[in-house]
Amino acid sequence: MMMRAHILLRQRGIALPIMLIMLAVMMVSSIYLLKSSTSTTLTTSNLAYEAALTKAADAGLHAGFTYLRTIPNKNVLLTDQAAAGYVATLAQNWTVSNPNFWLGAITLPADADGNRVQYVIHRMCAFTGAYDNPANRCQTTAPRPGTTGPRALGETLKIDASNLASAAQIHYVVTARVFGPRGGNVVTQAVIMKGP
């Protein structure tokens, strides 16, 4: 009888540590679940913020496209037009991270969300002036796909490139970037082809 009472006492003492271990595991699991749901919420919020910034940057692309579409005299595009954010050249080694890329850019007024949009239009030529000057090396495309076909980027700059059948379409690149109120930054670009 004594031995039986001793075994019963032992069994009652083991239950408490097992329950404490199970509670600790459940607590760690709940903390991990809480952190996981918080990081998911933050990721979703950041993706929504980036999408809103990209949408805001479209205002700069639209402003540049509107300028190129409504220009009354195409000869104006032979030189820089600072008031319109237009630069008649684009150096091949410039990227959007180069400060020189943004010289001549226009900054639009802040939108309702506090986003500041800046845009610049570049003609894809080495120099100002006429696009058909061989030294200018402008990026162009045949006006009708049936004549010589669309050109790959840089193909018209080759020495042995064939002449286009008629007046080419000149490439213009509109670049917009937006500065969000929380420090976000998005850059978007659009290439527009326009005849001389």
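Student: I'd like a description of the nonpolar core, backed by residues and values.
Tutor: Among the nonpolar cores identified, the biggest contains 19 residues, and Tyr67, Leu68, Leu77, Tyr86, Ile121, Tyr172 and Val174 are the most heavily contacted of them. Of all the secondary-structure elements, those providing two or more residues to this core are α1 (2-70), β3 (116-123) and β5 (169-179). Here this core takes 4 residues from β5, the largest share from any one element. If we skip the residues at most four places from it in the chain, tyrosine 86 touches Tyr67, Leu77, Thr79, Asp80, Gln81, Gly104, Ile121, Arg123 and Tyr172. Of all hydrophobic cores here, the second largest spans 7 residues; its members include Tyr49, Ala57, Val117 and Val186.

Student: Give me the packing of aromatic side chains: which residues, what numbers.
Tutor: Tallied over the entire structure, the rule returns 3 aromatic pairs. With centroids separated by 6.3 Å and ring planes inclined at 40°, the aromatic side chains of tyrosine 67 and tyrosine 86 adopt a geometry described as tilted. One end of the pair, tyrosine 67, is in helix α1; the other, tyrosine 86, is in strand β1 (residues 86-87), and 19 residues separate them in sequence. On the basis of an interplanar angle of 45° and a centroid distance of 6.2 Å, the ring pair of tyrosine 86 and tyrosine 172 is categorised as tilted. Pair noted here: tyrosine 86 is in strand β1 and tyrosine 172 is in strand β5, with a separation of 86 residues, a long-range link. Relative accessible area serves as the criterion here: at 2%, tyrosine 172 is assigned to the buried category. Among the aromatic residues, those joined into a cluster by ring pairs are Tyr67, Tyr86 and Tyr172. Positioned above the aromatic ring of tryptophan 102, the side-chain terminus of arginine 177 is 4.0 Å from the ring centre.

Student: So what's going on with the pairing of strand β6 (residues 185-194)? Residues and values would help.
Tutor: The pairing of β5 with β6 spans 10 bridges and is antiparallel. Residue isoleucine 170 lies in a different strand from β6, and its bridge partner there is lysine 194. Hairpin connection between β5 and β6: a loop of 5 residues separates the two successive antiparallel strands, and glycine 183 in this loop has a positive phi of roughly 95°.

Student: Tell me about the environment of glycine 183, residues and numbers included.
Tutor: You can see glycine 183 is positioned in the loop between β5 and β6. Of the residues examined, glycine 183 reaches a relative accessible area of 64% and is grouped as exposed. Sequence separation of glycine 183 and asparagine 115 is 68 residues, and the distance between their C-alpha atoms is 9.7 Å.

Student: Requested: an account of a nonpolar patch on the surface, with residues and values cited.
Tutor: Together, Ile14, Ile18, Met19 and Met22 make up an exposed nonpolar region whose accessible area comes to about 390 Å². Within the fold, methionine 19 resides in helix α1. The exposure class assigned to methionine 19 is partly exposed, which follows from its relative accessible area of 46%.

Conventions and cut-offs
- Residues numbered from 1 in each chain as written.
- Predicted model: local features only at pLDDT ≥ 70, side-chain atom pairs only at ≥ 80, totals over all residues.
- Heavy atoms only, no water.
- Core = buried A, V, L, I, M, F, W, Y, C linked by side-chain atoms within 4.5 Å.
- Buried < 20%, exposed > 50% of the residue type's maximum accessible area, 1.4 Å probe, protein only.
- Helix = DSSP H or I, 4+ residues; strand = E, 2+ residues; numbered from the N terminus.
- Contact = heavy atoms within 4.5 Å.
- Phe/Tyr/Trp six-rings, centres within 6.5 Å; stacked < 30°, edge-to-face > 60°.
- Lys NZ or Arg CZ within 6 Å of the ring centre and 35° of its normal.
- Pairing = 2+ DSSP bridges.
- Patch = residues over 30% accessible without salt bridge, like charges linked within 9 Å, V, L, I, M, F, W, Y side chains within 5 Å.
- Areas by Shrake-Rupley, 256 points an atom, 1.4 Å probe, with all protein chains shown as cover.
- Salt bridge = Lys/Arg side-chain N within 4 Å of Asp/Glu carboxyl O.

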